[in-house]
Every structure is written in structure tokens, then in C-alpha cells.
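A structural walkthrough
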Amino acid sequence: VVLSELASFFPSAKYLQDETAVFRVRDSCGTERELSIHGSPWQPQWQGDPEFATYVAEGPALEAWWARVPAGVDILATHSPPRDRFDRDPSGTPVGSTSLIGEVQSRVKPLLHCFGHVHAGRTADMLESQRSPATSPAATLFVNGAICNDDLVAVWDPVLVDIRPPLPST
């Protein structure tokens, strides 16, 4: 599938390719707030994989894409997992982006970072253990929400996450 054709598959969805969308949401108490979501499709090139439009070699080129993610975004949605966050392939090798984990932990610091790509890393049953560090209420929750198995068959339900962004300061 060519990236420009995705809109025809999901006409009511907002496809975020290196862009941020801000939504006004109302929580269960009726408080309105803004929630920002940034999406990026890039991922490190896997040795032996065919060329895909979103593969970029790990290094300066991929680092440049991650540097475009705004600091403080509430939700970061990437195709690639960050290194050592539910990114192990079936042989146990970590394949996530080393430059992405650096940006997420040092600069971006989202409430939620959701991704897929590594189907074997699905984490729907381990959400509480994903906080990093576990003692910080502002920690990033990492979720590998892959719905397909390694044969690209959708076998899992989507992951539902309840996040509570901090109230705006007055």
C-alpha cells in the first residue's frame, strides 16, 4: 500500500504523518481539555526486509525525523517501537529504534507512546508494568498495540488505554 492511498481505506480517520493534531476532549468529570497526538510512520530498516516507503537507516536520517516530534506532546504514535520497549522479534533480538528511545525519554516525554510493527512484542496484558520509571505519575506509558501475528493475520483486539492528562495550570 502506498502511503498516499491510506486515506481511501479509512475515510473518517486522521492520518498523521509527521504532524500533530490537537483535540478538545471532555473527561468523565466534564472537564474539557486539549489532547495532542503526534504521528510518525518511520522505522529503522531491518536487514533482509524488502524496501518499504517508511524504512530509514538508523542514524542521522532517522534521528532527523524523531527530532521533529514536538516536546510535551500527550500521545506519540509511531510505527516503530523504541529500543528495548516491547521490540523483541520472535528470536528475542531487540529491533526498535535506538534514536527514538533517546528522544522519547529525554525530550518528548509523552504520557503515552503507542506503536506496533514488532508483532511478537504485543503488550496488551502488561500495561501496568510499562511505566518508566514506575514511581513517576508523569512517566510515559509504552504500548505495543500490534493486532496482527507474524503471519499478518489480525488475531488480537485493539488495546484500550485510559490516560489522564494533567489539568491545565491556571
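Residues numbered from 1 in each chain as written. Predicted model: local features only at pLDDT ≥ 70, side-chain atom pairs only at ≥ 80, totals over all residues. Heavy atoms only, no water.

**Structural notes on the packing of aromatic side chains**
- This structure, assessed with the given rule, holds zero aromatic pairs.
- The ring of Phe142 is capped by Arg85, whose NZ or CZ atom sits 5.0 Å from the centre of that ring. (Phe/Tyr/Trp six-rings, centres within 6.5 Å; stacked < 30°, edge-to-face > 60°. Lys NZ or Arg CZ within 6 Å of the ring centre and 35° of its normal.)

**Focus on the side chain of Asp74**
- By the secondary structure assignment, Asp74 is in the loop between α2 (60-67) and β5 (75-78).
- With no salt bridge to any partner, buried Asp74 finds its closest opposite charge in Arg33, at an N-O distance of 8.3 Å.
- Leave out the neighbours within four places in its chain, and Asp74 touches Glu34, Leu35, Ser36, Pro110, Leu111 and Leu112. (Helix = DSSP H or I, 4+ residues; strand = E, 2+ residues; numbered from the N terminus. Buried < 20%, exposed > 50% of the residue type's maximum accessible area, 1.4 Å probe, protein only. Lys, Arg positive; Asp, Glu negative; His and termini not counted. Salt bridge = Lys/Arg side-chain N within 4 Å of Asp/Glu carboxyl O. Contact = heavy atoms within 4.5 Å.)

**So, helix α3 (residues 98-108)**
- Listed as buried for α3 are Ser99, Leu100, Ile101, Val104 and Val108.
- Immediately downstream of α3, the backbone of Lys109 shows phi near 50 degrees, a positive value.

**Quick notes on a nonpolar patch on the surface**
- Taken together, Ile147, Val153, Val155 and Trp156 make up a surface patch of nonpolar side chains, about 320 Å² in accessible area.
- Structurally, the position occupied by Trp156 is in the segment after β8 (140-144).
- Classification of Trp156 as partly exposed rests on a relative accessible area of 36%. (Patch = residues over 30% accessible without salt bridge, like charges linked within 9 Å, V, L, I, M, F, W, Y side chains within 5 Å. Areas by Shrake-Rupley, 256 points an atom, 1.4 Å probe, with all protein chains shown as cover.)

**Some thoughts on the pairing of β5**
- Pairing of strand β2 (residues 32-40) with β5, which is carried by four bridges, proceeds in the parallel orientation. Bridging from a neighbouring strand, His38 pairs with Leu76 of β5.
- Examined bridge by bridge, β5 and strand β6 (residues 112-115) share three bridges and lie parallel to one another. Bridged to Ala77 within β6 is Cys114. (Pairing = 2+ DSSP bridges.)

**Some words on the packing of α2 against α3**
- Taken N-terminus to C-terminus, the directions of α2 and α3 make an angle of 30 degrees; their axes are 9 Å apart at the nearest point. Comparing the axis directions of α2 and α3 gives the class roughly parallel. The hand of the α2/α3 crossing is right-handed. Contact with α2, carried on its side by Leu62, Glu63, Trp66 and Ala67, involves Ser99, Leu100, Glu103 and Arg107 of α3 and no other residues of that element.
- Residues belonging to the contact of α2 with α3 are distributed by class as follows: four nonpolar, one polar and three charged. (Axes fitted to C-alpha atoms, helices over the stretch in contact; angles between N-to-C directions. Parallel < 35°, antiparallel > 145°, perpendicular 65-115°, else oblique. Left-handed = near helix turned anticlockwise from the far one by under 90°. Nonpolar A, V, L, I, M, F, W, Y, C, P; charged D, E, K, R; others polar.)

**A word on unusual backbone geometry**
- The backbone of Asp18 shows a phi angle near 60 degrees, a positive value even though the residue is not glycine.
- If you trace the backbone, Asp18 turns up in the loop between α1 (6-9) and β1 (19-26).
- For Asp18, a relative accessible area of 12% puts it in the buried group.
- The backbone of Lys109 sits at a positive phi, close to 50 degrees, despite the residue not being glycine.
- In this structure, Lys109 sits in the loop between α3 and β6.

**Here we look at the confidence of the model for the protein chain**
- Summary statistics for the protein chain give a mean pLDDT of 78 and a share of 76% for residues scoring 70 or more.
- Within the protein chain, no element has a lower average pLDDT than strand β7 (residues 131-132), which sits at 46, and none a higher one than β5, at 93.
- Per-residue pLDDT stays below 50 along residues 124-135; that stretch engages in 23 contacts with residues further than four places along the chain or on separate chains. (pLDDT = per-residue confidence, 0-100.)

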